Amino acid sequence: MRRRRTTQAGAAAVAVLASLLAGPAAGTARAAAPEQLVIDLATDTGAFHGGASGSLYGLYGDGVPSRNLIEGMHLRTVSTKAQDGPQHPGADALEILPPFVDSGGKDVYIYMTDIYRGFPYQWPGADGPARLADFKERIRKQVAQVKTMGRYKDHVVYVPFNEPEGNMFGTGDWSYDKVSWLDDPRQFFAAWKEVHHLIRSLDPDARIAGPNTSQLFGQVKGFLQYAKDNDVVPDVMTWHELSSPAAVRTNVARYRGWEKEIGIGPLPVNVNEYGHNYHLSVPGQVVQWVSAIEESKIDADLAYWNIDGNLNDSAVEANKGNGQWWLFNAYGRMSGHTVRVTAPHPNVQYTLQGLATLDEDKKQSRALFGGKSGDADVVFRNVDPGLFGTTVRATVQEIPWTGQVGDSAQPLRLADRKIEVGADGTVTLPMRDMNEMSAYQVILSPGGSGGAPAAPSVSWRGTYEAEDATYTGSGYSRNGPEGTPSNVGRFATSGAYNVGGLRTGSDGVLAFDVEVPEDGTYDLSVFANSFNQYHLVKEQGPTNVFLRVDGEAPQELRLPLGYKWVVWGHTDTTVELTAGRHRITLAAQDPELGVTKGDAIIDKIDLALRDGDVTRPAVYEAEYATLDGTRPVYTRSGTSGPGTVPLAGGASTTFWVHSPADGESTVSIDHLGGGRASLALNGEKLSTYPVGGAGKGTDTVRLFLSGGVNKITLTGVSGRLNLDRLRVAPSRGTLEPTVHQAENGSLTGAARATDAYGFAAGGKAVTDIGDGKANALAVDVTAARAGRHALTIRYSNAEQAPATHYNPDPVARHADLSVDGGPARRVLFPTTFHFNDFRELTVPVTLKEGTNRLTFTAEELPDFDGDTYNQYGQRSPYAPVIDQIAVTPLASR
C-alpha cells in the first residue's frame, strides 16, 4: 500500500476541475498516460440487480441496526441463524424477518444448522443416524415456526447445511461418520435428499438453498447431478467466496457451465459469504467485490468476522453509517441496466475496478469505482446525444474510508461540471491523486440549462500518518504491517502501520508537523482505537489523551473503543491555525488537564479547512435522489442542478440525509412550484407541514434529525410540484430539548443511581433496571403541545456473552418503554463497548400536552415458544445504564 504523508488542497477535486476546464494541451507529449477505466454506454450487460447488498448476521433485531440503515443500504438478502439458535446473541431469523422485509428486503436465508452451539456444530447423538434424526426434529420445529409468520413466510429461504465438508459431513469429531463428503458423498447426498423431502412435506412452497460449501468445489458438480436425478435440486444455489473478486466471476461462469451440462436451471445464486477483514469497511476494497458480483448478476452476503447487528462493519451504533454504508447506499441507488466496464487490469484485485449503469428513463449514467491510488482517466464512450444532448453535467464524489466504527458524512463532492461531449461521443474525467481506500462515484446527466455548478464540499484537506510523526517519551511501538493483500485476515489501516504508547503511566508525546494554506478553523479527526477488553482499558473505558497546537490551547480527547485491536474509529474536534507550519501533539500527560488512563493506538490524523465550502448547507439534488413514480426533467431553467423532479399525486422522492448528531437541523426545500407535497421524516408523516405552492419558492422546516442517517421523503398530493433540491444545515433555537437526569427520576425495586461511571453527565446514572418489571425507572416529562416528539436516551451497554469462537458476542440490551402506563414498546440498545462509554439513541414518542410519565422496565425475552429461555446469556434481562433523557419536538416551521 502507498503511504500518503499529506493530501494537499483537496487535490482530487482541484485536479478534476482544472482538467475539465482546460482540456488537453495541443502538441503536448506525455511520458506515461494515466490508466483508463472505460465505460461503454452502448453495451447493455443486463438489468441492474443490486445483489451485492447482502449480509451474513448483519441484523441483530428490530432497531439494531435501524430501519433507516437497512433501507438506505438497499439490503437485498440476509443470512442468519435459526430462531433461538445459540450460535450468537441476536440475529434470530423470525425476529429480524419483519423489520427486514418492511424495510425493502427480499429474502432471509435461515442457517438451519445454527440451531446448534459451536462450530463445528455440536449436534448430539451416539452416531451419524442418531445425529441426523435429532437434526430432522429440529428442522420440523423450525419450519412450523416459519409457517406462523403470515405474509413474511414468502421471504424465507431454508439453508439445511452450512459448509458441510468441514462440519456435519467432514472428518472431525462432530461429523456424521468422520468421512468427508468430498471423498465419499453418499451419506451427505442421502441426508440432503431426506432433509429436502422433509422440508417440502412440511411446506410445499418452501424454497431450499444449498449445498452452501465453503467454496465452489469441483465435487459440487456431482451434487447437482445427484440432485437432478433424485428431484431434489436446490431452489437457490449457494456457496462462499472467501478468496477474491476474481474468483466470483470465474466460479459463477464455471457453475453456469455445469448447469448447461447437467440440464438444470439457471438457478438464482447467492454467494452468502464474501470478503475479509482487510476488505470490510473499506469502500475502495469492497467496490472491487461489488463490481464482480453485479457483473455476475447474483446475490451475495458480506462475511461475518466480527460482531453481529452492524451490517458487517457498515453500521456505527444504531443509526450511523461508515464509508462502506455510503458505498452501498450509492450502489443501491443505481437503476436501469448495467453497461460494459473495461478496467485497466480486468478482473485483477487491488487494481482499479468499477461498475456502471445507464437509465434511459432517468437520462442518467452512474459509475462506482476504486481500488487504486494515484491517477486514472474515467472514459465514458458512446454518450448518446439524443439522450444527454451535446453537453453533460458530471458530478464527481468521493466515499472515503472512515474506519470500522467511525461515522461518515454523505459522500464528498469533488467536482460538479458541464462538459461538452466529444465529436466521437466520448467524455473523459481525469481523476487525480485518488486514494485506494476510497470509492468514487460519477453521475452523468444532461447538461441542460440547469444552475451554476456546485463548489467542492471541501477545499483543503491533509492526512498525516502516525508512523511518520515524531514520538518522544516512553512506551513507543510502531505496529504493523496490519492488513495487506497478503494478510487479508488483519484489519485495514491507513498506511498499513499505527503507533502505540499513549497509555496509563506513559509520558509519551506523538507530534505531527502540519502545514496549512490559510488562517482559519480546521476540522481535526484523530483515527484511533482502544480494545474494550484490554486490561488497561477496562478500568475507565475510552482512553483519554491530550491535544495541543504548538504547545497551546489544550484539549482532552476521548478516543474510540472497538471490539478488537486495530478496529478504527475517529474522535473529532476543531483547532485554530494560521497559515504555515504547526505542530499538533497528542500526549499522555498534560500539566493543566491530567493524565491518560487506558491504552490507545493511533493510525493518522485528518485536517480539513472549515471554510464556506464546509459550513454552507449540504445540498441534496432531487434528480439524484431515490425516485418512485416519477423521473427527472432537465429542460427547466432556474434550477440548482441539472433539473427537477415533478411530484404528481403519489409520486415520491426520498433523500438519505446525514446529521452529525441528534438534534435540530434546518431543512430548506427548494422548488419551482406547480403543486404541493407532503413531508415525512424517518417514516413519520408530518401532515401539518405541506410543501410547495403555485410559484417558485423555498419551504423551510426545522426537523429533529437523528445522529447518522435520516430518511426524508416528499410525496405529491396535489398538482405537480417541481422539486429542485434539499439544503440541510444543523441549527438551534427552535426545537429546544428538555433534558432530564435519570437519577432524578422515580426508582423502584433494585434500580439505583450510581456514581461508578465518571463519563455520565452530572456524574451519575441509573443501573439495574430490569430483571423484572418491579425494577424500573420512571421520569416525568412536560410537552408544550401534544404530538410526536423525539426521545433521546443517553445510555451505555457493555454486556457480552461467552463466545465459542472468533466472533465477539456483545449483547444488545433492551428497555420496555411505556408512556403514561400505555402498552410498552421494546427498544434495543446496541453495545457501547464499555459501561463508561455513553451514546445517544433517539426514538419517536407521542406525548400529550402537559406532564407525561415515561417508564423504563426490562425482562428477559423467552424463546419463540414462549416457555423456554436461552441458557448462554444471549438474551439480557436488563435495560442499559441510563444517564439522561431529552425530549424534543419533532418538527416546527
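Nothing here was measured: the structure is a model prediction, and the numbers come from that model. (Residues numbered from 1 in each chain as written. Predicted model: local features only at pLDDT ≥ 70, side-chain atom pairs only at ≥ 80, totals over all residues. Heavy atoms only, no water.)

K.L.:
Explain the environment of Val-427 to me, please; I cannot follow it from the model alone.
P.N.:
By the element assignment, Val-427 lies in strand E18 (residues 427–434). Along the sequence, Val-427 and Arg-381 sit 46 residues apart, while their C-alpha atoms lie 6.6 Å from each other. Apart from the residues within four sequence positions on either side, Val-427 is in contact with Val-378, Val-379, Phe-380, Val-383, Val-392, Ile-419 and Val-421. (Helix = DSSP H or I, 4+ residues; strand = E, 2+ residues; numbered from the N terminus. Contact = heavy atoms within 4.5 Å.)

K.L.:
Please clarify how empty space enclosed by the protein should be interpreted in this entry.
P.N.:
One water molecule sets the probe size; rolling that probe over the atoms shows where empty space is left. Summed over the entire model, instances satisfying the criterion amount to three cavities of 30 Å³ or more. In this structure, the largest cavity spans a volume of roughly 40 Å³. Every residue lining the largest cavity is listed: Lys-81, Asp-84, Gly-85, His-88, Pro-89, Gly-90, Asp-92, Asn-870, Gln-874 and Arg-875. (1 Å grid on protein atoms, 1.4 Å probe; cavity = no way out; pocket = protein on both sides within 12 Å on 5 of 7 lines; lining within 4 Å. Points joined across faces, edges and corners; volume = space filled by probe spheres on them.)

K.L.:
Would you mind going over the pattern of salt bridges with me for this structure?
P.N.:
Side chains that differ in sign of charge can pair as their charged atoms come close. Overall, the coordinates contain 51 salt bridges when judged by the stated rule. Asp-107 serves as the salt-bridge partner of Lys-106, at 2.7 Å between the closest nitrogen and oxygen. Asp-107 gets classed as buried once you look at its relative accessible area, which sits at 2%. Salt-bridge contacts for Arg-256 lead to Glu-259; the nearest nitrogen and oxygen are separated by 3.1 Å. (Salt bridge = Lys/Arg side-chain N within 4 Å of Asp/Glu carboxyl O. Buried < 20%, exposed > 50% of the residue type's maximum accessible area, 1.4 Å probe, protein only.)

K.L.:
Whenever I open this one, the pairing of strand E38 (residues 663–671) confuses me. Can you help?
P.N.:
Residues in a regular strand project their side chains so that they alternate between the two faces of the sheet. Most of E38 is tucked away: nine of the nine residues are buried. Two strands pair when backbone bridges link them, and E38 and strand E42 (residues 697–705) are joined in this way by nine bridges, in the antiparallel orientation. Bridged to Glu-664 within E42 is Phe-704. Relative to strand E44 (residues 721–730), E38 runs antiparallel, the two sharing seven bridges. Looking across to E44, one finds that Ser-665 is bridged to Pro-730. (Pairing = 2+ DSSP bridges.)

K.L.:
Sorry if this is basic, but what is going on with the packing of helix H5 (residues 186–202) against helix H6 (residues 220–229) here?
P.N.:
Packed helices, taken two at a time, are described by the angle their axes make and the gap between the axes. Contact geometry of H5 with H6 gives a least axis separation of 11 Å together with a crossing angle of 45 degrees. Taken together, the axes of H5 and H6 are oblique relative to one another. For H5 against H6, the interelement crossing comes out right-handed. Each of Phe-188, Phe-189, Ala-190, Trp-192 and Lys-193 in H5 lies in contact with H6, whose residues at this interface are Gly-222, Phe-223 and Tyr-226. Each residue belonging to the contact of H5 with H6 can be placed in one class, and the counts come to six nonpolar, one polar and one charged. (Axes fitted to C-alpha atoms, helices over the stretch in contact; angles between N-to-C directions. Parallel < 35°, antiparallel > 145°, perpendicular 65-115°, else oblique. Left-handed = near helix turned anticlockwise from the far one by under 90°. Nonpolar A, V, L, I, M, F, W, Y, C, P; charged D, E, K, R; others polar.)

These results come straight from atomic positions and should not be treated as a statement about function.
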